[in-house]
Structure formats: structure tokens, C-alpha cells
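Okay, here's what each chain looks like letter by letter:
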2 protein chains.
Amino acid sequence: MGEREIVEALARTLPSNENTVIGAGDDCASVRLPKEGRTLLLKTDAVVEGVHFSSEDPPQLVGRKALARCLSDIAAMGGAPDSALITLGVPADRDHSFLMKLYEGLNALAVKYDVAIVGGETTRCPGGLFISVALTGYAGPEGGIQRAGSLVGDAIFVSGQLGGSLSGQHLEFEPRVNESRWLVEHFMPHAMIDVSDGLGMDLGHLLRAGGVGALVDESFIPVSRAAKIRARDKVSDKSPLLAALTDGEDFELLFTVASSDAVAVKDGWQAEFPDLPLSLIGQIESDSGLRLKGRNGIRSIDGIYGYDHFE
Amino acid sequence: MGEREIVEALARTLPSNENTVIGAGDDCASVRLPKEGRTLLLKTDAVVEGVHFSSEDPPQLVGRKALARCLSDIAAMGGAPDSALITLGVPADRDHSFLMKLYEGLNALAVKYDVAIVGGETTRCPGGLFISVALTGYAGPEGGIQRAGSLVGDAIFVSGQLGGSLSGQHLEFEPRVNESRWLVEHFMPHAMIDVSDGLGMDLGHLLRAGGVGALVDESFIPVSRAAKIRARDKVSDKSPLLAALTDGEDFELLFTVASSDAVAVKDGWQAEFPDLPLSLIGQIESDSGLRLKGRNGIRSIDGIYGYDHFE
């Protein structure tokens with residue numbers, strides 16, 4: 001099978017959606033726009049072999065992850081995903097069946113969230129495999145929920161459980177697209193971000209963007225089973241709490257709402273998504289910086305990017 | 001300078017436009033949409049070191065080329081470019097000043113065509129440098145001018161001069177955005193493509209997409225000075241005509257219009273763009289395939305992808 005045949009075979013597998021006017025195969029893709037009153041969200045994200053995945057990872061999960069990361073960012077804006085373009089850089093030693101498997105995982109996730117794959121490109125890459133996904137979505141007229149916008153007194157929520165994603169979660173996480181859509185329709189968070197670099201770092205981004213600080217109760221941080229097992233089995237030398245704060249690649253939603261909405265958010269979420277915990281971990285304060293309340297009092301953990309700065 | 005400082009310094013240089021709601025720095029970019037009756041064009045294109053440019057090429061021109069290629073594709077649809085995201089994979093040996101120069105060339109071209117750079121990503125890449133650009137644009141309600149759509153009897157036009165782009169043109173070409181906008185406003189071509197793989201191959205794409213064929217007069221093909229010099233100096237072993245048909249990376253517009261419009265197109269173009277030649281090279285025919293009329297009669301050159309199949 002020649003390169004052209006491979007590209008044509010791949011193109012036939014790509015899902016479209018009701019907005020697709022011209023899919024893969026012309027100079028550009030063309031997509032029908034929503035009615036007025038929406039803004040266009042744009043995101044691009046690359047995963048690179050040896051950095052974001054290893055050469056032993058199943059290609060289906062690698063393709064899935066590449067799209068899921070972008071979906072998580074659209075979710076972090078409170079947006080609805082729409083169309084994607086895929087750029088693949090492929091080392092000479094990967095064959096046709098490898099690419100088909102990669103697209104199998106990618107296409108299945110696209111179908112699940114009604115995302116059209118409207119084109120892209122496959123090129124040779126002398127180094128390792130890289131996959132760059134460009135994804136569009138739509139948000140409200142304000143442009144989507146930003147990292148800035150938190151108000152003093154806001155409740156801080158995080159979905160799911162954090163830490164230890166290297167044990168498998170980083171390849172199989174579910175982007176919180178549906179949860180984010182539900183939130184925006186019912187409560188409109190003041191600020192939102194997805195936890196990709198670890199709770200400590202991403203909450204820091206949200207606080208700095210909003211010009212505020214936070215007090216987080218460490219006993220309220222939802223620590224994953226994987227983080228506990230990794231600590232117990234000494235796979236990681238981080239404590240479970242530190243793993244939850246710094247491991248990254250959790251791809252959970254971290255957001256703030258008015259404290260008067262906190263109970264309604266919590267109750268509504270549990271009724272709508274009974275299998276996905278939602279944790280109230282703390283409160284926005286006017287003093288900048290991130291403070292952690294534990295058994296031995298309050299300590300500042302502002303600017304932690306890894307355990308060197310922490311324990 | 002740390003990685004975060006470099007990214008922040010780069011982010012400050014990025015141009016925005018009147019549609020930019022949220023630029024680089026949040027989970028996604030957000031962009032104001034045009035009034036109803038437009039479609040969204042999406043394009044992504046990657047340039048890879050050792051494939052599309054060499055490590056000796058000036059970084060300003062490499063950055064420029066990465067965006068110019070995408071602009072050429074938006075032009076090929078008759079679209080107006082709007083916003084771009086840049087994904088950079090950077091080998092460890094490139095420093096901060098290299099990235100600043102690369103963005104210098106990229107930003108300057110963006111400003112020229114009022115394209116906002118609304119974000120992207122810089123990641124480590126173990127192999128050579130790669131740059132992937134994702135670009136949006138807008139076209140009419142029909143979705144833009146496709147490769148398909150040519151009618152029997154249509155005149156075939158190509159802009160500029162072809163061949164020998166490796167002598168420099170491939171790094172410094174001007175994407176035909178303004179010319180394409182003018183064409184769409186005044187004549188609406190039946191079919192259009194940009195010449196990126198060489199006239200022979202790209203005209204082949206246009207013909208196959210339209211289910212038609214063509215007769216091209218070889219004496220009408222605009223051969224570049226660079227192609228003639230490369231043949232004369234034996235830099236290339238292709239004849240100038242063959243270079244014009246197969247060299248690629250010309251990034252000129254190739255389009256078809258009703259033969260009754262041909263004179264008006266030619267005259268209007270020359271008045272509007274006096275420095276850029278427009279050549280009528282042949283006519284669409286019902287018989288599939290590409291035929292070349294020369295001194296020794298007509299020969300079929302259907303499916304030429306290089307000189308092995310030709311001379």
C-alpha cells in the first residue's frame with residue numbers, strides 16, 4: 001500500500017457531523033457555523049512519543065489521548081466541541097496498521113462526542129511519532145469560561161479523583177465535556193480550568209489569572225486509589241496527597257462558583273453524574289497565593305511545581 | 001530564561017485582530033464569528049526540518065513559510081483568513097533567540113493579512129524542528145471554491161510563474177490571498193486549487209475531483225526564470241518545462257472559469273495586479289486525463305508525479 005492509498009483509506013474512516021460541509025480531501029475543510037450569539041473556540045495540542053506516551057502504549061489509546069486532551073480544554077471553557085484536524089508526524093518504521101489503529105481510537109472518541117474529523121495531514125518525521133490535534137468548539141457570546149473571574153468567597157470544586165495518572169488514567173481518562181455543558185447550562189461557573197499539570201499548579205494558574213488567592217483544606221482533596229497504591233508499593237516516592245497535588249494529567253474540571261450556589265451545585269451534580277465525585281476543596285480569598293490547611297495548621301504552597309518545592 | 005518566561009515573551013509578540021475575544025494564555029482561544037451566511041474554513045499544515053526546510057534556512061523565513069502555506073490553502077478556497085494557532089516541536093539545541101526570530105517572520109506575515117495568532121503550544125521534540133499551523137478562515141455559504149466544479153469548455157488559468165522554487169521562492173512566496181478574494185468577488189471560479197505539488201499533479205487533482213479532463217498548450221505554461229537558470233546551470237536535470245510541471249511549492253492559484261469570462265478575467269486581473277502575470281494555459285474537456293499540446297502534437301501526461309513518468 002502506497003502513501004496515497006494509506007491516506008485515502010484513513011480518510012474513509014473519518015467521522016463527520018451535521019455541520020460538515022467539506023471534509024478531508026480539498027485544500028481546506030469547510031464547516032457550517034452556528035446561529036449568531038456564539039463564539040468560536042480554538043485549541044491545538046500535541047502529544048509526542050517519549051514525552052506524552054511511550055512507544056509501548058497501544059496506538060488506539062495514543063490516538064484517543066491526543067483528541068481527549070483537546071476535548072478537555074474545550075470542556076474547561078464550558079464549550080461544545082465541533083470539528084478536528086489531525087496532524088501526524090510518522091517515523092519511517094511505523095506501518096499502515098499502526099496508523100489505522102491510532103485512528104481507530106481517535107475516531108471512536110470523536111463519534112462519542114459528535115466531533116467531525118474534517119482533515120489534517122500525515123507527514124514523515126525523522127524523530128518519534130507526534131500527533132497534533134486542532135479542535136474547534138463553540139461557547140457563549142462572552143467567549144467561554146476563563147481562568148480569570150473568581151470572586152472572593154467563591155467555593156472551589158474539583159471533579160473526580162486526583163494523582164497517580166501514570167498508572168493508566170492518563171491514557172484512558174474521560175474528558176469532562178458533558179459535565180462542563182451541564183454546569184454551564186445550570187450554574188455558569190465564575191472561572192474554570194482543567195487539571196492537566198496537577199491541582200497545585202492549575203489552581204495556581206486560576207488564582208493568578210483572577211488576581212485572588214485560596215485556602216484549600218487538604219482533607220477535602222480527592223486522592224485517587226492509584227495515588228495511594230503507588231505510594232504503598234513505592235512505585236512513586238510521593239505521598240498520596242502530594243501526588244494528588246502534583247502528578248498532573250488528571251484532566252478533571254476545577255472551577256469556582258458563588259458560595260451561595262455551592263450546595264445546589266453539589267446536589268445537582270450528584271443527581272446528574274452519580275458515578276463521578278465532585279469535591280468542594282476550599283474557598284477563594286483576597287490574599288494572593290495558595291494556602292493548604294492541614295492537621296498542623298496552614299502553610300503556603302504557592303508556586304509548587306513539583307515536590308522539590310514542597311516536602 | 002526558563003521555558004515559562006520564553007513562552008510568555010513569545011505570547012506578548014503575537015498579533016490579534018478585531019475578532020479576537022480571548023488570545024493565547026487560557027485553555028482555548030475564543031474568536032468572534034462573522035454574521036450569518038458564512039462558513040468556517042479549517043486548515044492545518046506542518047513543515048518539518050529536513051523535509052520542508054533545512055537547518056541552514058533563516059528562522060524568520062521558516063516561520064513565514066509555515067503560515068504562508070496555510071494562507072495559500074485558504075486562498076485556494078476563495079476564503080478570507082482569520083485566526084491561527086501555532087504548534088512548535090523544538091529540539092533541545094535551539095535557543096530562545098531562534099524561536100523569537102521564527103515568530104518574527106511568522107508574525108509579520110500574519111499582520112500583513114490581518115491574521116490573529118491566538119495561541120498554540122511549544123513542546124520538546126527529540127527529532128528535528130517541526131511547526132504545525134492551524135488556520136481558520138471564512139468563505140461563502142457554499143463552503144468555498146472546491147477542486148471539483150469545472151465544466152467542459154472552461155478556461156484554465158494559473159497565476160505567476162512556475163518551477164525552480166527550491167532556488168528560494170519556496171521560502172519567500174506570497175500567498176495569493178488578495179488575488180483570490182478579488183477573483184471570488186468579481187468572477188467566482190468554478191474550481192480552484194493552489195499549486196503546491198507542481199502544475200501536473202495539482203491540475204490532475206482538479207480534473208479528477210471534477211470528473212473531467214484538460215488540454216493544456218505547453219507554450220502557454222509560464223516557466224519561471226529560476227527554472228530556466230537551474231536547467232542552464234545544470235543545478236537541476238529537468239528541462240524548464242518539466243520543472244514548471246513538477247517542481248512544486250510554487251503556491252500559485254490554478255482555477256477554471258467559464259470561457260465566456262476568460263477575457264474579462266484576464267483584463268481585470270492585469271488591471272488589478274499588474275505585477276503578477278495570469279496565464280490562460282488550456283481548456284477543460286470531457287475526456288478524463290491531462291493532455292499536453294506541443295510542437296510534436298498532443299501527448300497524454302496523466303498521472304505524472306515526477307520525471308520518471310514523463311521524459
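Position numbers for residues count from 1 along each chain, tracking the sequence in the order it is written. Key to labels: chains lettered from A, ligands numbered from 1, both in the order written. Thresholds applied to this predicted model are a pLDDT of at least 70 for local features of residues and 80 or more for the giving and counting of side-chain atom pairs; totals over whole chains, interfaces and linings are not thresholded and use all residues. Values shown for side chains rest on all heavy atoms present in the structure; no hydrogens or waters enter the calculation.

## Looking at the overall build of chain A
Stated formally: Labels follow the DSSP assignment, with helices taken as runs of H or I lasting at least four residues and strands as runs of E lasting at least two, numbered in each case from the N terminus. Contact definition: two residues touch when any of their heavy atoms are within 4.5 Å. To measure how exposed things are, a 1.4 Å probe is used in the Shrake-Rupley method; for residues, cover is taken only from the protein chains shown. Charge counting treats Lys and Arg as positive and Asp and Glu as negative, with His and both chain ends excluded. To locate a charge, take atom NZ for lysine, CZ for arginine, CG for aspartate or CD for glutamate.
Check the secondary structure of chain A and you find nine helices and 13 strands. Based on the C-alpha atoms only, the size of chain A along its principal axes is roughly 65 × 50 × 30 Å. Across chain A, the fraction of contacts at a sequence separation of at least 24, relative to all contacts at a separation of at least 6, is 85%. Of the roughly 12400 Å² that chain A leaves accessible, carbon and sulfur atoms contribute 48%. Separation of charge centres in chain A, based on 28 positive and 44 negative side chains, amounts to 3 Å.

## What to know about the relation of the copies chain A and chain B
Which entries qualify depends on this criterion: Residues reaching a pLDDT of at least 70 in both copies supply the C-alpha atoms on which the copies are superposed by least squares.
Mapping chain A onto chain B leaves a residual RMSD of 0.0 Å; the transformation is a rotation of 180° accompanied by 0.0 Å of translation along its axis. Read as a symmetry element, the transformation amounts to a two-fold axis. Considering only C-alpha atoms, the residue of chain A closest to the rotation axis is Gly127 of chain A, which sits at 1.8 Å. Looking at the interface residues of chain A, 98% of them are also at the interface in chain B, so both copies use one shared face.

## Quick word on the pattern of salt bridges
Residue and element names in this part refer to chain A. The condition that has to hold: Should a side-chain nitrogen of Lys or Arg be within 4 Å of a carboxyl oxygen of Asp or Glu, the pair is scored as a salt bridge. Per-residue accessibility, obtained with a 1.4 Å probe over protein chains only, is compared with the maximum for each type, and a residue is labelled buried under 20%, exposed over 50%, and partly exposed between these values.
By the definition in use, this model includes 30 salt bridges over all chains. Glu174 is the salt-bridge partner of Lys112, the closest N and O atoms lying 3.0 Å from each other. Here the residue Lys112 occupies a position in helix α3 (residues 96-112), and Glu174 occupies one in the loop between α4 (169-172) and α5 (177-186), the gap between them amounting to 62 residues. Using a relative accessible area of 22% as the deciding quantity, one classes Glu174 as partly exposed.

## Notes on empty space enclosed by the protein
We count it as follows: Note on definitions: the grid is 1 Å and covers protein atoms alone; a cavity is a set of points where a 1.4 Å probe fits but cannot get out; a pocket is an open set with protein on both sides within 12 Å along at least five of seven lines; lining residues have an atom within 4 Å of a point. Grid points are joined across faces, edges and corners, and a volume is the space filled by probe spheres set on the points.
Applying the stated criterion to the full structure yields four cavities of 30 Å³ or more. Considered as a void within the structure, the largest cavity measures approximately 90 Å³ in volume. Taken together, 13 residues form the lining of the largest cavity, with Leu42 and Ala134 of chain A together with Leu42, Ala134 and Thr136 of chain B sitting closest to its centre. Elements that contribute at least two residues to the lining of the largest cavity include exactly β3 (39-48) and β6 (130-139) of chain A together with β3 (39-48), β4 (80-90) and β6 (130-139) of chain B.

## What to know about the packing of helix α1 (residues 3-13) of chain B against helix α3 (residues 96-112) of chain B
All names here are of chain B. What counts here: Under this scheme, a helix contributes an axis fitted over its contacting stretch, all axes are lines through C-alpha atoms, and angles between N-to-C directions fall in the 0 to 180 degree range. Every angle not falling under 35 degrees, over 145, or within 65 to 115 is termed oblique; those three ranges are roughly parallel, roughly antiparallel and roughly perpendicular. In this scheme the handedness of a crossing depends on how the near helix is turned from the far one: anticlockwise by less than a right angle means left-handed, clockwise means right-handed. By the convention adopted, Pro, Cys, Tyr, Trp, Phe, Met, Ile, Leu, Val and Ala count as nonpolar, Lys, Arg, Asp and Glu as charged, and the other residues, Gly among them, as polar.
Two elements in contact, α1 and α3, have axes separated by 10 Å at closest approach and are oriented at 20°. As the angle between them shows, α1 and α3 are arranged roughly parallel. By crossing handedness, the relation of α1 to α3 is classed as right-handed. Facing α1, whose interface residues are Ile6, Ala9, Leu10 and Thr13, α3 presents His96, Leu99, Met100, Tyr103 and Asn107. Classifying every residue of the contact of α1 with α3 by side-chain character gives six nonpolar, three polar and no charged.

## A word on helix α9 (residues 262-272) of chain B
Residue and element names in this part refer to chain B. Note the threshold: In this description, one arc is meant: the one made by directions from the helix axis to the C-beta atoms.
Listing the buried residues of α9 in full gives Ala262, Val265 and Trp269. Down the axis of α9, the smallest arc covering the buried residues is 60°, so these residues share one side. Facing away from the buried side of α9 by more than 90 degrees, the exposed set consists of Val263 and Ala271. Next to the buried residues of α9 lie β7 (155-159), α5 (177-186), β10 (252-257) and β11 (278-285).

## Remarks on the side chain of Thr44 of chain B
Convention followed: For the purposes of these results, a polar contact is taken to be a pair of N or O atoms within 3.5 Å, where, inside protein, one atom must be able to donate a hydrogen and its partner to accept one; residues adjacent in sequence count only when each atom of the pair is a side-chain atom.
Structurally, Thr44 of chain B can be placed in strand β3. At 3.1 Å, the side chain of Thr44 of chain B and the side chain of Thr87 of chain A are in polar contact. Residues in contact with Thr44 of chain B, not counting those within four places in the same chain, are Leu85, Thr87, Gly120 and Glu121 of chain A together with Cys70, Ser132, Val133 and Ala134 of chain B.

## As for the sheet that holds strand β1 (residues 20-22) of chain A
The condition that has to hold: By the convention used here, strands pair only if DSSP detects at least 2 bridges between them.
One open sheet accounts for six strands, arranged β1(A)-β2(A)-β3(B)-β6(B)-β4(B)-β5(B); its pairing is mixed. Sheet topology places β1 of chain A together with β5 (116-124) of chain B at the edges, where each strand pairs with a single neighbour. Adjacent strand axes in the sheet meet at a mean angle of 20°, parallel and antiparallel pairs treated alike. Both strand β2 (residues 29-32) of chain A and β3 of chain B contribute to a ladder of four bridges, which runs antiparallel. Within β3 of chain B, the position partnered with Ser30 of chain A by the bridge is Leu41 of chain B.

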